[in-house]
Amino acid sequence: MKIGVLALQGAVSEHIKQIESAGLVAVAVKKASELHTLDGLIIPGGESTAIRKLIDYYEFKSPIQQFSAEKKPIFGTCAGLVLLANELSDGSEAHLRLMNITVKRNAFGRQKDSFETKLKVKGFTDNVPAVFIRAPIITEVQENVEVLATHDNQIVAAKQGHLLVTSFHPELTENNRWMNLFIEMVKQAHQKTTIH
């Protein structure tokens, strides 16, 4: 199985390292034509406006939407969460519009307000570390979205079918729980397609 990391901007190498340490093939995705070879895709953190422009410039938007329509798992971290959202709270236009959530950008302030904490996560036995850097929050979820973690009563991780998002950067910690959860989603989706 192959998991791609959208390699336009942001924390690409850290995600690739985590995928490879789990024994899977990781691909730094630079062309939309590479998507059809993948079983899962990670849209990493970075600057959401910059990544959005690059997605448009390299014509990734429709191929990523098609990837999602095929129920192939997508994991958005930080800026990736912003890009997957159906709505943005500041009224600006949402981009990929794949997940039934409303997101507020830079909800925790600027770069200097970055922090690390431990989160209680639904389905995880122990609390896991989370690094927040200019992080967004989910302000609203629709009924088919499962909330996985909150911080100060704000939603910071959620799942909707084959889509997984976190406000923070799981790849910047030594803890692989989030990557393992995503890999499990990819394996299940892969099994479904090979059965049919």
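Remember, predicted model here, so these are calculated numbers, not experimental data.

1. Comments concerning the environment of Pro 129
For step 1, the next point in the chain: Structurally, Pro 129 can be placed in strand β8 (residues 128-132).
For step 2, the next point in the chain: Residue Pro 129 is classed as buried on the basis of its relative accessible area of 16%.
For step 3, the next point in the chain: In this structure the C-alpha to C-alpha distance between Pro 129 and Thr 117, which are 12 residues apart in sequence, comes to 5.7 Å.
For step 4, the next point in the chain: Pro 129 has contacts with Glu 116, Thr 117, Lys 118, Thr 173 and Asn 175, leaving out every residue within four places of it along the chain.

2. Here we look at the pairing of β8
For step 1, the next point in the chain: With five of five residues buried, β8 lies mostly within the body of the structure.
For step 2, the next point in the chain: Residue alternation in β8 divides its side chains into two sets, Val 128, Ala 130 and Phe 132 and Pro 129 and Val 131, and both sets are buried.
For step 3, the next point in the chain: Here strand β7 (residues 115-119) runs beside β8; their pairing, made up of five bridges, is antiparallel. Bridge pairing in β8 links Leu 119 to Val 128.

3. Things to note about the packing of aromatic side chains
For step 1, the next point in the chain: Applying the stated criterion across every chain, the model contains six aromatic pairs.
For step 2, the next point in the chain: An aromatic cluster is defined as three or more aromatic residues linked by ring pairs; in this entry it consists of Phe 115, Phe 124, Phe 132, Phe 168 and Trp 178.
For step 3, the next point in the chain: One residue, Arg 177, lies across the ring of Phe 124, its end atom 4.3 Å from the ring centre.

4. Observations regarding the environment of Glu 116
For step 1, the next point in the chain: Within the secondary structure layout, Glu 116 lies in strand β7.
For step 2, the next point in the chain: Overall, the relative accessible area of 56% leaves Glu 116 in the exposed class.
For step 3, the next point in the chain: Apart from the residues lying within four places of it in its own chain, the contact partners of Glu 116 are Pro 129, Ala 130 and Val 131.

5. Focus on the pairing of strand β6 (residues 99-104)
For step 1, the next point in the chain: As paired strands, strand β5 (residues 85-88) and β6 are joined by three bridges and run parallel to one another. Bridging from a neighbouring strand, Leu 88 pairs with Val 103 of β6.
For step 2, the next point in the chain: Sheet topology note: the β6/strand β9 (residues 137-141) ladder contains four bridges and is antiparallel. Opposite Val 103, over in β9, you have Ile 138 as the bridge partner.

The rules behind the values
Residues numbered from 1 in each chain as written. Predicted model: local features only at pLDDT ≥ 70, side-chain atom pairs only at ≥ 80, totals over all residues. Heavy atoms only, no water. Helix = DSSP H or I, 4+ residues; strand = E, 2+ residues; numbered from the N terminus. Buried < 20%, exposed > 50% of the residue type's maximum accessible area, 1.4 Å probe, protein only. Contact = heavy atoms within 4.5 Å. Pairing = 2+ DSSP bridges. Phe/Tyr/Trp six-rings, centres within 6.5 Å; stacked < 30°, edge-to-face > 60°. Lys NZ or Arg CZ within 6 Å of the ring centre and 35° of its normal.

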